[in-house]
Amino acid sequence: MEMVLAPTEYRNPILPFRAMTGAVVMVYLCGMYALLYRQCRSWSIAVFTSLLSLTVVETTHGSSWGAGSLASMTPPTLCVAVLPLVMLAYLRYRRQWQVMLVFGALGLLANVDLAASMNATVVLLIVHLCTGRFAPRVCVDAAAGGMLALLGALPHLWYYYGLRLATGAEFAAAPAALEVLHKANVLYPDLFKPLLETQTLVRMGVLLIAAVVVLARVERYRVREPAVWVYFIAAVACVTFVGQGLSQLVGILGGGAPPLTGFVQAFGLILLPLYVLLAQALTNAFRLVTRQLSLIHI
């Protein structure tokens, strides 16, 4: 960043992120392709779905998925770009002790963007506990992984609280803070307004239909790691809506603003399992058409 900002005399602070667009896109595409190929074992569908997922999709409350444009190059996008690789590592090591290192890697991402990293960590911890049925070893691995994630995030947390102490900054007054949060639609009951937008409903609806068809196992084709993807979707919904509701409840009981408002940004993570299940649905559809050639003429 210094190499890019110094020659321009720091006039454009977002220039370093835009300069990394090509590298970030390649990292995302390679990670997404590897994850999708592991799921469907079809290189062509993995390539197609990877390119499809590259499109920046705005979900709600500023959260998004994708890394295809210059304007999308932000700290959360850098985290999104490596999440497919993190998920691939989790699927490989989730029954081994190395899974703790996966959570540690997520913690290190907090030094890029705290909200994106912590939301992904909490979602993956829920997935790990649920798929392991809260077995003692799974709970130990999850606890150790959470500790490593917190340890990885310490540099950013240390900087944040050190900056607050150095500047003597105080939280905004409760009425003013609540007014701003209500305008941003991150508090109940306004939390659901962005979800009712037509574009969001159409995009999410198409992907959800494909996911339901695959998980319902209409045909005889097996779905790899179905429990992981089901729990991933449920965990994203839990973190987004339950986590934000609990934070708001704490704020109401304390007579002030919610202590945390970044839970709503976790909703963009739901597109990761939906794209994976879309690739699985396309694979099953092509296998069905190959065996039922008469369907081509319908």
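So, how was this worked out
- Residues take numbers from 1 onward in each chain, read along the sequence in its written order.
- Local features in this predicted model are restricted to residues of pLDDT 70 or higher, and side-chain atom pairs are both shown and tallied only at a pLDDT of 80 or more, whereas totals for entire chains, interfaces and linings draw on every residue.
- Working from all heavy atoms in the structure, the side-chain values ignore hydrogens and water.
- Put simply, two rings from Phe, Tyr or Trp (the six-membered ring, in Trp's case) pair if the centres are within 6.5 Å, and we call them stacked under 30 degrees between planes, edge-to-face over 60, tilted for the rest.
- Strands are runs of DSSP state E lasting at least two residues, helices are runs of H or I lasting at least four, and both sets are numbered from the N terminus onward.
- For every residue, the accessible area obtained with a 1.4 Å probe (protein chains only) is divided by the maximum for its type, and the residue is called buried under 20%, exposed over 50%, and partly exposed between those limits.
- Within this scheme a cavity is a closed region of a 1 Å grid, computed over the protein atoms alone, that accommodates a 1.4 Å probe without allowing it to escape, whereas a pocket is open but has protein on both sides within 12 Å along at least five of seven lines; lining residues each have an atom within 4 Å of a point.
- Grid points are joined across faces, edges and corners, and a volume is the space filled by probe spheres set on the points.
- Any residue outside Ala, Val, Leu, Ile, Met, Phe, Trp, Tyr, Cys, Pro, Asp, Glu, Lys and Arg is labelled polar, Gly included; the first ten of those are nonpolar and the last four are charged.
- Here, nonpolar core refers to any group of buried Ala, Val, Leu, Ile, Met, Phe, Trp, Tyr and Cys residues whose side-chain atoms link them within 4.5 Å.

Another aspect to go through is the packing of aromatic side chains. Summed over all chains, the structure comprises four aromatic pairs. Pairing Y90 with F103 gives two aromatic rings, centres 6.4 Å apart and planes at 70 degrees, and the pair type is edge-to-face. Here Y90, found in helix α5 (residues 75-93), pairs with F103, found in helix α6 (residues 99-108); they are 13 residues apart in sequence, far enough to count as distant. An identical accessibility class is assigned to Y90 and F103; each is buried. Considering the side-chain rings of F241 and F267, the 5.9 Å spacing of their centres and the 65 degrees angle between planes classify their relative orientation as edge-to-face. You can see F241 sitting in helix α11 (residues 226-254) and its partner F267 sitting in the loop between α11 and α12 (271-291), a full 26 residues away along the chain. Each member of the pair, F241 together with F267, is buried.

What follows covers empty space enclosed by the protein. Across all of its chains, the model carries one cavity of 30 Å³ or more by this definition. Here the largest cavity defines a volume of roughly 90 Å³. Looking at the largest cavity, the residues that line it are L83, V86, M87, L106, A120, V123, L124, F232, L269 and L272. Among the residues forming the lining of the largest cavity, the class breakdown is ten nonpolar, no polar and no charged.

What follows deals with the nonpolar core. Counting residues in each nonpolar core, the largest one holds 64 residues, and the members touching the most others are W65, M87, Y90, F232 and L271. For this core, the secondary-structure elements that each account for two or more residues are α3 (21-40), α4 (43-53), α5, α6, α7 (114-131), α10 (198-216), α11 and α12.

Along the chain, A227 falls in helix α11. Distance in space between the C-alpha atoms of A227 and V127 is 8.8 Å, their sequence separation being 100 residues.

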